Amino acid sequence: MIYEFEKFLSGNCCLSKSTLKSYLWTVDYFYKNYGEFSSSSLLAYKGYLVEHFKPQTVNLRLQAINRYLDFAGRADLKLRLVKLQNKTFIENVISDADYRYLKSQLMVDGHADWAFVVWFLGATGARISELLQIKVEHVVDGHVDLYGKGGKLRRIYISSTLKREALEWLSAKGKSSGYIFTNRSGARLTPRGVAHQLKFFAVRYGINPEVVYPHSFRHLFAKNFLDRYNDISLLADLMGHESLETTRIYLRRTASEQRAVVDKVIDW
């Protein structure tokens, strides 16, 4: 059944490879640990998820199960997703000062390749999966067009300053085509490898490792953009968000910013 489910997903759903893999893993895990699908086994699995994982992870697993139930003709057994509580702040976002410090120190210490990883993440708002698809040709054009779910186009712009500096960097490396972020053997970097290396540099330069991860720079891009150009609709387009509600979180302050305001204002 797993094989047939994989064919069903591949032929009927616009899922990324990672999401497809996650769906298949979830269904296989359920069969191995809970047996056949029934109301009682599904509720037991949902209870396990709620007890051990964050709501976002719970819902990802439940979405996989519900998609399988649709495929198997058992939509009557589909489970309700858990409600996500909206936070009034953004957590673990790198500050603009730390971003600039990290980028400059990487340049000074001869790690230009990693400085540009940080720069591209912070100045484009790209997801890590999108970043690793950027080629020299895209830098020359000043943008990269990617297609997501449902064939929706997402254009990631490369600012004129970043374009100029990146082309000089690539020219010095002798790279005139192909992916710009590769390892010594020429293979593309992996999301996990980037995340690990960023943590390494964070520790080296005395920056809190909890705020140095690929998606943190995407949050930074959004906050900086709204600080300088308060157009949330445009930001939603640049971020590739389906809904403005997703983008509205960037109108809020980070937890540390909230703390700073409280400490400054409240003196009673």
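Higher on the page you've got the structure.
(A) Expanded view of helix 3 (residues 39–52). Its 14 residues place the ends of helix 3 20 Å apart at the C-alpha level, agreeing with the 20 Å of an ideal helix rising 1.5 Å per residue. Taken together, the buried positions of helix 3 are occupied by Ser41, Leu42, Tyr45, Lys46 and Leu49. In an axial view of helix 3, the angular spread of the buried residues amounts to 135°, which keeps them on one side of the axis. Set apart from the buried face of helix 3 by more than 90 degrees, the exposed residues are Ser40, Leu43 and Glu51. If you follow the buried residues of helix 3, they end up packed against helix 2 (17–34) and helix 4 (55–71).

(B) Up close: the nonpolar core. Within the largest apolar cluster, 40 residues are counted, with the highest numbers of intra-cluster contacts made by Leu102, Phe120, Leu131, Ile180, Phe181, Val212 and Phe217. Those elements that place two or more of their residues in this core are helix 5 (96–108), helix 6 (112–124), helix 7 (128–131), helix 8 (136–141), strand 1 (143–147), helix 9 (160–173), helix 10 (191–204) and helix 11 (214–228). Top element by residues in this core is helix 6. It accounts for eight residues. Residues in contact with Ile180, not counting those within four places in the same chain, are Phe120, Ile134, Lys135, Val136, Val139, Trp169, Leu170 and Lys175. With 19 residues, the next largest nonpolar core counts Leu9, Val58, Leu69 and Leu79 among its residues.

What counts and how
- Residues numbered from 1 in each chain as written.
- Predicted model: local features only at pLDDT ≥ 70, side-chain atom pairs only at ≥ 80, totals over all residues.
- Heavy atoms only, no water.
- Helix = DSSP H or I, 4+ residues; strand = E, 2+ residues; numbered from the N terminus.
- Expected span 1.5 Å × (residues − 1).
- Buried < 20%, exposed > 50% of the residue type's maximum accessible area, 1.4 Å probe, protein only.
- Arc of directions from axis to C-beta.
- Contact = heavy atoms within 4.5 Å.
- Core = buried A, V, L, I, M, F, W, Y, C linked by side-chain atoms within 4.5 Å.

Nothing here speaks to function; it is geometry throughout.
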